[in-house]
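Spelled out from the first residue to the last, the chains are:
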Number of protein chains: 2
Amino acid sequence: MESYIYPQRKDWSNIVKRASFDNSSLRDAVSDVLSKIKNDGDKALFELEEQFDKVSLTSFKVNEEEFKEAENLLSNDLKNAIDRASINIEKFHASQKHEINKVETSYGVICWQKSVGIDVVGLYIPGGTAPLFSTVLMLAVPAKIAGCRKRVLCTPPNRNGKVHPAILYAAMKAGVTEVYKLGGIQAIGAMAYGTESVPKVYKIFGPGNQYVTMAKQLVSLKEVAIDMPAGPSEVAIIADESADAAFVASDFLSQAEHGSDSQALLFTTDKEFAEKVKIEVETQLEKLPRKELTSKSLEHSKIIVLTNNDDLMELVNEYAPEHLIIQAKNYNNLAERVVNAGSVFLGPYTPESAGDYASGTNHTLPTNGYAKAYSGVNLDSFIRKITFQEISKQGLEKLGPVIEIMAENESLIAHKRAVSIRLNKKD
Amino acid sequence: MESYIYPQRKDWSNIVKRASFDNSSLRDAVSDVLSKIKNDGDKALFELEEQFDKVSLTSFKVNEEEFKEAENLLSNDLKNAIDRASINIEKFHASQKHEINKVETSYGVICWQKSVGIDVVGLYIPGGTAPLFSTVLMLAVPAKIAGCRKRVLCTPPNRNGKVHPAILYAAMKAGVTEVYKLGGIQAIGAMAYGTESVPKVYKIFGPGNQYVTMAKQLVSLKEVAIDMPAGPSEVAIIADESADAAFVASDFLSQAEHGSDSQALLFTTDKEFAEKVKIEVETQLEKLPRKELTSKSLEHSKIIVLTNNDDLMELVNEYAPEHLIIQAKNYNNLAERVVNAGSVFLGPYTPESAGDYASGTNHTLPTNGYAKAYSGVNLDSFIRKITFQEISKQGLEKLGPVIEIMAENESLIAHKRAVSIRLNKKD
């Protein structure tokens, strides 16, 4: 964990520069697997599951019995927690709905947007050491609220051909309509092209390793939409001497434990406070079970001390963090000045973990500086805003000449005539 | 123009299947040009402008004098029309703003979204036979309303190094902050990477040929966001015997004149009406200046007669048209059943040209079936919805245990401790 005390402006962009993760060398390998799935459908999927997930499946779809089994296997405490989180996520995403607002842009010209759910969506939940049931909620709950008709989920089975019960319980709770045992490139290819067993979807959501990311990028060039490009998770923390250094250190570490490529950055104007946090990080690290992995990500984590808040906000916005925690006395003022960030956590009692699990906001957020151009997943991610318009005869009489002149000057005479023929019609 | 009378269901998907436009063979060539721009900046741009646009420039940026000249060159009629259209586009896109809505998802847990404009956006306007000043309005007006700070526009110069005055006037009117004389791959590369003259942007918008489309796709894999994938323009018209066949034919033709790859489809349940429209199309075609090009796109345009409205709506939704015109007696009922479309035009006096130019809706819309997953350009395209949350001490006391159980079950112990350390703090 390196510290930068009052760095010169010319060095700023280097300090917040992320390690570059180039997965383009995987392009050909991933592309080959995708072609197999496109050409051979289920047959390819069975073979690939055997090859990559070391499991011999006879079908992909999780059945009713497996869902019931999952529900019985889970502790009541965890089920209650999932239920509570699910309710909060539902409340927040439901609040993102908007009534239809019909606007008369000029006399007799009525225009409006209507939000319509994407008919078929695909959600990918990776496997690995821990079951990401929280991500199931984050994707499936807004998909249900949006009115997506089919909500397909793919996740890799273990070597016994089973899916973790917490994932199945969360899927049930969040209204996933079908779950398939498919991991990695198989899952992405199956949902992008459709096979005998798996329906083709129109948009694919969810995290994954570099193979999944490359597969999503490749299919997004032609077949389907995707949520956003993925990269390692990250947090920026703005804090001052009014903050509790132990709280700040705990947030710093909770980001660092995500993976060895995660990054945590502390921005402060107080040199002594920075030192306190550093010591707290080292102390708390000792007690963590994922100490080794966490230490690795601390190697590229940083403490940055700047002379004033203007500089600080400029550099934070340049970094464009996925998560931004502000624990400073004037945190509301600083929050007003956030231009680039995925999700912002305000005040001493708002740890990032709250948003990761249960406060209601989404945890699928833009990493790698993409917060400059992308929102995190939200209700909009699952809908299209279709525009409608209706013009009265009198409305077209007034607006028609404007259209005619513009069309003529763009040399689109049939466009002009579509107006003229209506204006010239004798009643 | 082929007619399909009561086709069998098994043939449906083939009838609405689009010609496949595969630009992947251009990948390497476009990629080479992009690398040149990335490495050599302005120097590469000067050379490429000479090579592709046959013009030797000394600078790219359009200056004040050129803007004034443009304003003087344009007729008052056209200026007034652009002004009127601009006002309507502004009204409709401004109506898409939403107030911040703070939600208490559970006791003491407050979450909200804040819309923040993408700081720097790039707008591309192609060259060619006609100046697409209408597209300038469609992109720049919402960018201004969204609060994007820098609104950069690139468009190719003619062989005298000039930009068409209507484009410059529209850019001025719509609040573009800087215009550069750059066409095709040069424009996309310059905005994606930034050069000595051209600022790097975070998201690129706008239409273009297959080279521009490939360049946008390539840079979107890493450097910037893009509005949406592009394809040939298209319309689906639903009409019945209550409609005026001449109106319908004029809409059909106004789509067909866009380019030889455009497509128009008429869906109806009335065989006689279909025949009437066909005759009208042939009659009106004769009078069009772009007759030859329009005939070409009529070759892949179609008239589809189905037995009932249920079938008709199913097939239209399967096609997922960019533009959908409904001229039928029960047009509001049919409109309710639209699931996949970019922009919908209702009733006899609402030609597509109205939305193309002046009613206020956006004309940058998803083609090629992408309406299944993408919205057209709208205010959201230029903003990010950043989430914020603030939790009180009491709020965290209530929600904390839920977070702790979930984090523990995902084996993220530092996430759990970020909560516990706060809950355990002695006052």
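All of these numbers come straight from a predicted model, not from anything done at the bench. (Residues numbered from 1 in each chain as written. Chains lettered and ligands numbered in written order. Predicted model: local features only at pLDDT ≥ 70, side-chain atom pairs only at ≥ 80, totals over all residues. Heavy atoms only, no water.)

## Re the relation of the copies chain B and chain A
Each of the two copies of the chain can be brought onto the other by a rotation about an axis and a shift along it.
Move 1: Expressed as a screw operation, the relation of chain B to chain A combines 0.0 Å of axial shift with a rotation of 180°, fitting to an RMSD of 0.0 Å. Both chain copies can therefore be described as sitting about a two-fold axis. (Least-squares fit on C-alpha atoms with pLDDT ≥ 70 in both.)

## What about the interface of chain B and chain A?
Move 1: Facing 120 residues of chain B, the contacting portion of chain A comprises 119 residues.
Move 2: For the pair chain B and chain A, the summed buried area comes to about 10900 Å², and 57% of that belongs to carbon and sulfur atoms.
Move 3: Across the contact surface, chain B and chain A share eight salt bridges.
Move 4: A salt bridge links E336 of chain A to K114 of chain B, with the nearest nitrogen and oxygen atoms 3.9 Å apart.
Move 5: Applying the counting criterion to the chain B and chain A interface returns 75 residue pairs in polar contact (both at pLDDT 80 or more).
Move 6: The element best represented in the side of chain B that touches chain A is helix α16 (residues 393-409) of chain B, accounting for 10 residues. (Contact = heavy atoms within 4.5 Å. Buried area = accessible area lost by both parts, 1.4 Å probe. Salt bridge = Lys/Arg side-chain N within 4 Å of Asp/Glu carboxyl O. Polar contact = N/O pair within 3.5 Å; in protein donor to acceptor, adjacent residues only side chain to side chain. Helix = DSSP H or I, 4+ residues; strand = E, 2+ residues; numbered from the N terminus.)

## Here's the deal with the sheet that holds strand β7 (residues 203-205) of chain B
Residue and element names in this part refer to chain B.
Move 1: What the five strands build is an open sheet, ordered β6-β5-β4-β7-β8; its pairing is parallel. Strands with a single pairing partner mark the edges of an open sheet, and in this sheet they are β6 (178-181) and β8 (225-226).
Move 2: The sheet contact formed by strand β5 (residues 150-155) and β6 spans four bridges and is parallel. In the strand pairing of β6, C154 is matched with Y180.
Move 3: Against the sheet, helix α6 (residues 133-146) touches β4 (120-124), β5 and β7, its axis set at about 170° to β4. (Pairing = 2+ DSSP bridges. Axes fitted to C-alpha atoms, helices over the stretch in contact; angles between N-to-C directions.)

## As for the sheet that holds strand β6 (residues 178-181) of chain A
Residue and element names in this part refer to chain A.
Move 1: The five strands lie next to each other as β6-β5-β4-β7-β8, forming an open sheet whose pairing is parallel. The open sheet is flanked by β6 and β8 (225-226), the only strands paired with a single partner.
Move 2: Across three bridges, strand β4 (residues 120-124) lies against strand β7 (residues 203-205) in parallel orientation. Across the sheet, the residue bridging to V121 is K203, located in β7.
Move 3: The sheet strands contacting helix α6 (residues 133-146) are β4, β5 (150-155) and β7, and the helix crosses β4 at an angle near 170°.
Move 4: The sheet strands contacting helix α8 (residues 184-193) are β4, β5 and β7, and the helix crosses β4 at an angle near 180°.

## Description of the pairing of strand β3 (residues 109-117) of chain B
Residues and elements named next belong to chain B.
Move 1: Burial runs high along β3: seven of the nine residues are buried.
Move 2: Pairing of strand β2 (residues 103-106) with β3 involves three bridges; the strand directions are antiparallel. Bridge assignment links V103 to a residue of β3, and that residue is C111.
Move 3: From the end of β2 to the start of β3, which pair antiparallel, there are two residues, and G108 there has a positive phi angle of about 75°. (Buried < 20%, exposed > 50% of the residue type's maximum accessible area, 1.4 Å probe, protein only.)

## With respect to helix α12 (residues 291-299) of chain A
Residues and elements named next belong to chain A.
Move 1: Those residues of α12 that sit buried are T294, S297 and L298. Taken around the axis of α12, the buried residues stretch over an arc of 110°, which confines them to a single face. Those residues of α12 that are exposed and angled more than 90 degrees off the buried face are E292 and E299.
Move 2: Buried residues in α12 make contact with α10 (245-256) and α11 (271-285). (Arc of directions from axis to C-beta.)

## Structural notes on the side chain of T361 of chain B
Move 1: Position of T361 of chain B among the secondary structure elements: in the loop between α15 (352-357) and β14 (383-391).
Move 2: Within polar-contact distance, the side chain of T361 of chain B engages the side chain of Q389 of chain A at 3.0 Å.
Move 3: Apart from residues no more than four positions distant in its own chain, T361 of chain B is found in contact with C111, T387, F388 and Q389 of chain A together with F92, H93, M138, S343 and G355 of chain B.

## Brief notes about the packing of α8 of chain A against helix α9 (residues 210-220) of chain A
Residue and element names in this part refer to chain A.
Move 1: The geometry of α8 relative to α9 is characterised by a closest axis approach of 8 Å and an angle of 20° between their N-to-C directions. Taken together, the axis directions place α8 and α9 in an arrangement best described as roughly parallel. Regarding α8 and α9, the two cross each other, and that crossing is right-handed. Seen from α8, the contacting residues are G184, I185, I188, A192 and Y193; seen from α9, they are Y211, V212, A215, K216 and V219.
Move 2: When grouped by side-chain class, the residues that make up the contact of α8 with α9 number eight nonpolar, one polar and one charged. (Parallel < 35°, antiparallel > 145°, perpendicular 65-115°, else oblique. Left-handed = near helix turned anticlockwise from the far one by under 90°. Nonpolar A, V, L, I, M, F, W, Y, C, P; charged D, E, K, R; others polar.)

## What about α8 of chain A?
Residue and element names in this part refer to chain A.
Move 1: Taken across its 10 residues, α8 has 10 buried, putting it largely inside the fold.
Move 2: Structurally, α8 contributes buried residues whose contacts are with α2 (27-40), α3 (42-53), β4, β5, β7 and α9.
Move 3: Following α8 by one or two positions, G194 has its phi on the positive side, about 80°.

## Looking at the environment of A19 of chain B
Move 1: Its place among the elements puts A19 of chain B in the loop between α1 (9-15) and α2 (27-40).
Move 2: With 40 residues separating them along the chain, A19 of chain B and S59 of chain B place their C-alpha atoms 41 Å apart.

## Brief notes about the pattern of salt bridges
All names here are of chain A.
Move 1: The tally for this structure, following the rule as stated, stands at 50 salt bridges over all chains.
Move 2: A salt bridge links R337 to D310, with the nearest nitrogen and oxygen atoms 2.5 Å apart. Highlighted residues: R337 in the loop between α14 (331-336) and β13 (343-346) and D310 in helix α13 (residues 309-319), separated in sequence by 27 residues.
Move 3: With a relative accessible area of 35%, R337 lands in the partly exposed category.
Move 4: When its relative accessible area of 48% is taken as the criterion, D310 is described as partly exposed.

## As for the environment of H164 of chain B
Residue and element names in this part refer to chain B.
Move 1: Looking at the secondary structure, you find H164 in the loop between β5 and α7 (165-173).
Move 2: Taking the relative accessible area as the measure of exposure, H164 reaches 39% and is therefore partly exposed.
Move 3: Separated by 128 residues in the primary sequence, H164 and E292 place their C-alpha atoms 26 Å from one another.

## Structural notes on the environment of L412 of chain B
Move 1: Within the secondary structure, L412 of chain B is located in the loop between α16 and α17 (413-423).
Move 2: Setting aside residues no more than four positions away along its own chain, L412 of chain B makes contact with E257, H258, R290 and Y357 of chain A together with A407 of chain B.

## A word on the packing of aromatic side chains
All names here are of chain B.
Move 1: Inspection of the entire model under this criterion finds 10 aromatic pairs over all chains.
Move 2: Here the aromatic rings of F205 and F382 are separated by 4.1 Å at their centres, their planes lie at 15°, and the arrangement is stacked. Taken together, the residues span a long stretch of sequence, with F205 in strand β7 and F382 in the loop between α15 and β14 at a distance of 177 residues.
Move 3: By relative accessible area, which is 0% here, F205 ends up buried.
Move 4: On the basis of relative accessible area, F382 is assigned to the buried category, the value being 0%.
Move 5: Sitting above the plane of the Y319 ring, R18 keeps its charged end 4.0 Å from the centroid.
Move 6: Above the face of the W112 ring, K102 is positioned so that its terminal group lies 4.0 Å from the ring centre. (Phe/Tyr/Trp six-rings, centres within 6.5 Å; stacked < 30°, edge-to-face > 60°. Lys NZ or Arg CZ within 6 Å of the ring centre and 35° of its normal.)

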